[in-house]
Amino acid sequence: MRRDFTLFAIVWALVTAASLAVAYFIIREISFPTVGAEEAHVIDDAFMALTYMASPVFGVVIAALVVAVLRHRSSGPADGDGARILGTGSVPVVWFGLSSLLCAIVIVYPGLTGLWELRNHDEPDLRIVATAQMWSWTIEYPDSNVKVFGAQELVLPKDETIQFDVVSLDILHSFWVPAFRQKIDALPGQTRKVYITPTEVGDRDSDVAYRLQCAELCGVGHAIMAMPVRVVEKAEFESWLKEQQSVAEAK
Amino acid sequence: MTRVVRAPIFVGLVLAIVGFFFGVAFLGALRTLRGQTFWEIEAGMSVGYVFALVGWVAGVGGWQHWGREWFGLEAKPYTLTGWKRYFGFSPDHKVIGVQYSVTFVVIFLLSGLTAMLIRLELMRDGEQFFTADQYNAAMSFHGITMTAVAVAILLGGFGNYFVPIMIGARDMAFPRLNALSYWFVPPVAVLLIIAVLMGGWDSGWTAYPPLSVVNKHGQVLFNLAVITFGLVSILGGINFLVTIIYERAPGMTWSRLPIFVWGAFAASLISFFFTQALAAGLLMVLLDRIADTSFFRSSEGGSALLYEHVFWFYSHPAVYVMVLPGFGVALEVLSHLSRKPLFAYRWVAGAMIGIVLLSGVVWAHHLFTSGMAPYLHAPFLVLTELISIPTGLIFLGAIGTIWAGKLWLRTPMLFALAFVFNFLMGGVTGIYLADVPTDLHLQDTYFVVAHFHYTIVGGEIFALFAGIYYWFPKITGRMYNETLGKLHFWIMFIGFQLTFIPMFRVGIQGMNRRIADYPAEYSDYNTIISLAAFLLGASFLFFVWNMATAWFKGRVAEANPWRATTLEWQVSSPPPEHNFDEIPVITDTPYGYGGGPAHHRPFAGGAALATEER
């Protein structure tokens, strides 16, 4: 029994260390799409916090499996029974207490704190209306009377907080740019808002995370219901907007 | 010839067709009176189906063995014997258990084949051989059939077969209701297959309106099928609840129930209390289509969000209908094949009931990105995370049981141990989806696909195979081939990990789910996933080969090859017709290992006798 616990401790430490290493070097470094918005930091930080906290818990179960399989194999009932351990003592109580504590921690951080951070966004500098329909997006900049359609690009200024008013003309769709992380469904006839502050310049040609992808099954065109996204410096955005205005007037 | 004509399935089929045309004519007549066209496909199919269903269950035996009594006639006796019992209306819980198991294993394999086609299509970006529409049909078919398998196979198969024996009963509380619920299943399968032949439907297994109100006719068949299936679930749930509450043998107290019975009981509570919500949601969609109601048509004041709440109010608890009996099977196998009592029995049973209670108040975590009222986010985050506490106790039960045990690493044990690992992966990744900030990104991506395959396939289906190998000698009286079983296990386990671990990453990276095509950037990972999926698929060849050969030619099994202590192993393999000559009297817990009292073991007229007879 004593050797079981020693082996358990060793395997637990190894598995936990390995999980943490995978979390730090693989998940954190190379698994996320481009971090293109302020809110993406909150979400990725929450993801990492959960991963770090999960590692030792993962280690407990794996270590128990490893100890049992390595040290307690038998070749059948003729080898006799295991010890009569019923688990009626304090072990389940401690387990219950610890898991409740861990659960409470996860609820508060990164759960409720992350939620609070996302809600606590800056006042929007710019409002954009994103309208979904089978199977394309229409983007409107209501303050400057500019409208762009499916085949074009969604152009956004860097470092400005943008309020997206998301709505659908027909069935359910969902507004999602992987670089920005947050997702909100487009409901028919009801506007829903999402606030995003892009922090990096980027575009679809060089980065797959810069696409406005429909993320709610909407029929035959669902897979291709995506629009390229380009985030540019504020000055460039202003001139782009002017250009679009003159194009619209020329029509 | 007369033998064919009298065969229950044939009679059922004929009455189903007659019923269908009667329904169509009935509706057509009403429509004609109102000055409409005689035939309208969706309303016609719906009304025709209701009558066809009645014709089917009446013809297949519901009238002969049951319905006659309601009119003062005498019910006909059950005359089918041997293999024919499996193709007729049999009230025997063991026959029904085999009927469910075989039916759903066949559907499982068919649906798995569909998954192979899906992976073939997704092996590269661009269109391979499915059009986007065909892809959606295949994806939707895979989704609903696997959901049905997951809901029904453990309860319907092992539940029916073993719950009565394990509690010392001669049969289920309502044997004919049991038969009736099974015979509702073939129409479900037939409807879904016809739907695919008609071009399918493209709204997945979730059938979210408004899409499901405006898409192809196949949607109507889907709704009819799933409503019928809901009925199967509710009737089955009632039967298990009553059986477990009222049919326990003397001395079989609640704290002496084998843990699988607790799992079945907990899952049945959910089936019974929640399935109506799903049926109601789908009925509302159907009425929006065929009766011009406007539950979900926003232009007429309906709400698409309403459906999501109603749907998940059932469909989240439904995942526990799938996995609670899976916990039961896995813990059962872990205990008997470690030769140790189940660790922290009362805590585990309590955790199962805790999961049932919590399952009803967590549904809106599927709606974090749906645009529901934002103030609901925090409470559903909290409630959802709470479910990790009872689930953690299940893990405690598992690892406490194998700790210092005598692990006999036969095929069922390997599957049960893999269950613990897989469900751990599924459970841990579930936390990311319960947490609102991370869910906002991960919702509707391949991360979710990987997560629920880890819980349902890695959890429940691995437990299913643990159960199949564990109970195979009991059900068939023959032993499976251990080498083939282990080959199946290792290929399935490795294929499963290689398929679903990369999905987590590609999902985080930004690949959304339910798509026929994806940006070329995700191509490499998808090729790996597809190749691994083929490996996973290939493992079932060993399973099918093993089952087919062992069932007919396998070594004859003894009554209790595992030397296990629960009641089903104390009777012959296969068990006698009414399980026990004399109802056993239970004096202690089911897990009498390690020198403890094992009063599930000896009972009057039980094990010794049954074993000697063989």
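Reading the values: the criteria
Residues numbered from 1 in each chain as written. Chains lettered and ligands numbered in written order. Predicted model: local features only at pLDDT ≥ 70, side-chain atom pairs only at ≥ 80, totals over all residues. Helix = DSSP H or I, 4+ residues; strand = E, 2+ residues; numbered from the N terminus. Rg over C-alpha atoms; globule rule 2.2 N^0.38 Å. Buried ≥ 20, exposed ≤ 12 C-beta atoms within 10 Å, placed from the backbone. Contact = placed C-beta atoms within 7 Å. Axes fitted to C-alpha atoms, helices over the stretch in contact; angles between N-to-C directions. Parallel < 35°, antiparallel > 145°, perpendicular 65-115°, else oblique. Left-handed = near helix turned anticlockwise from the far one by under 90°. Expected span 1.5 Å × (residues − 1). Pairing = 2+ DSSP bridges. Bend = angle between axes of the 7 residues up to and from the residue. Core = buried A, V, L, I, M, F, W, Y, C linked by C-beta atoms within 7 Å.

### Comments concerning the overall build of chain B
Along its length, chain B carries 20 helices and 1 strand. Computed over C-alpha atoms, the radius of gyration of chain B comes to 24 Å, within 12% of the 25 Å expected from 2.2 N^0.38 for 614 residues, which places it in the range of a compact globule. Every one of the 614 residues in chain B was classed for burial, and the buried ones make up 62%. Considering only residue pairs separated by 6 or more positions, chain B has 81% of its internal contacts joining residues 24 or more positions apart.

### Details of the interface of chain B and chain A
Counting residues at the interface gives 78 residues for chain B, matched by 73 residues for chain A. For the side of chain B that touches chain A, the leading source of residues is helix α14 (residues 388-402) of chain B, giving 9 residues.

### As for the packing of helix α3 (residues 41-65) of chain B against helix α9 (residues 218-246) of chain B
All names here are of chain B. Running from N to C, α3 and α9 cross one another at 30°; their axes reach a closest spacing of 10 Å. Between α3 and α9, the angle is such that the two are roughly parallel. Crossing of α3 against α9: the hand is right-handed. From α3, Glu42, Met45, Ser46, Tyr49 and Leu53 reach across to α9, where they touch Val220, Leu221, Leu224 and Thr228.

### Some words on helix α11 (residues 304-338) of chain B
Side chains of residues three or four places apart in an α-helix project in the same direction, reflecting 3.6 residues per turn. Residues and elements named next belong to chain B. For α11, spanning 35 residues, the distance from its first C-alpha to its last is 50 Å, which sits close to the expected 51 Å at 1.5 Å a residue. Buried residues dominate α11, accounting for 33 of its 35 residues. With its phi angle positive at about 50°, arginine 339 sits one or two positions after the end of α11.

### So, the environment of B:Val185
Residue and element names in this part refer to chain B. Within the secondary structure layout, valine 185 lies in helix α7 (residues 185-197). Linking valine 185 and valine 232, residues 47 residues apart in sequence, is a C-alpha distance of 7.2 Å. Residue contacts for valine 185: discarding those within four places in its chain leaves Thr103 and Val232.

### Observations regarding the pairing of strand β12 (residues 226-232) of chain A
Residues and elements named next belong to chain A. With 4 bridges joining them, strand β5 (residues 154-157) and β12 adopt parallel strand pairing. Residue leucine 154 lies in a different strand from β12, and its bridge partner there is valine 229. As paired elements, strand β10 (residues 202-203) and β12 share 2 bridges and run antiparallel to each other. Directly across from aspartate 203, in β12, lies its bridge partner arginine 230. Where strand β11 (residues 211-214) and β12 come together, 3 bridges link them in antiparallel fashion. From the neighbouring strand, glutamine 213 faces β12, where its bridge partner is alanine 226.

### A closer look at the sheet that holds strand β9 (residues 192-196) of chain A
All names here are of chain A. On the basis of which strands lie adjacent, the open sheet formed by 5 strands has the order β4-β3-β2-β6-β9 and mixed pairing. Strands at the two margins of the open sheet, each flanked by one partner only, are β4 (146-148) and β9. Each strand axis lies, on average, 25° off the axis of its neighbour in the sheet, ignoring direction.

### As for helix α10 (residues 259-290) of chain B
Residue and element names in this part refer to chain B. Spanning 32 residues, α10 covers 45 Å between terminal C-alpha atoms, matching the ideal 46 Å at 1.5 Å per step. Along its length, α10 shows its largest kink, about 40°, at phenylalanine 274. Judged by how many residues are buried, α10 sits mostly within the fold: 25 of 32 residues are covered. Note on α10: the residue one or two positions beyond its end, aspartate 292, has a positive phi of about 55°.

### Structural notes on the nonpolar core
Residue and element names in this part refer to chain B. Ala330, Val348, Phe419 and Ala466 are the most contacted members of the largest nonpolar core, which has 284 residues in total. With 22 residues, α11 is the single largest residue contributor to this core. What phenylalanine 419 contacts, discounting residues up to four positions off in sequence, is Ala330, Gly459, Phe462, Ala463 and Ala466.

What is shown is where atoms sit, not what they do.
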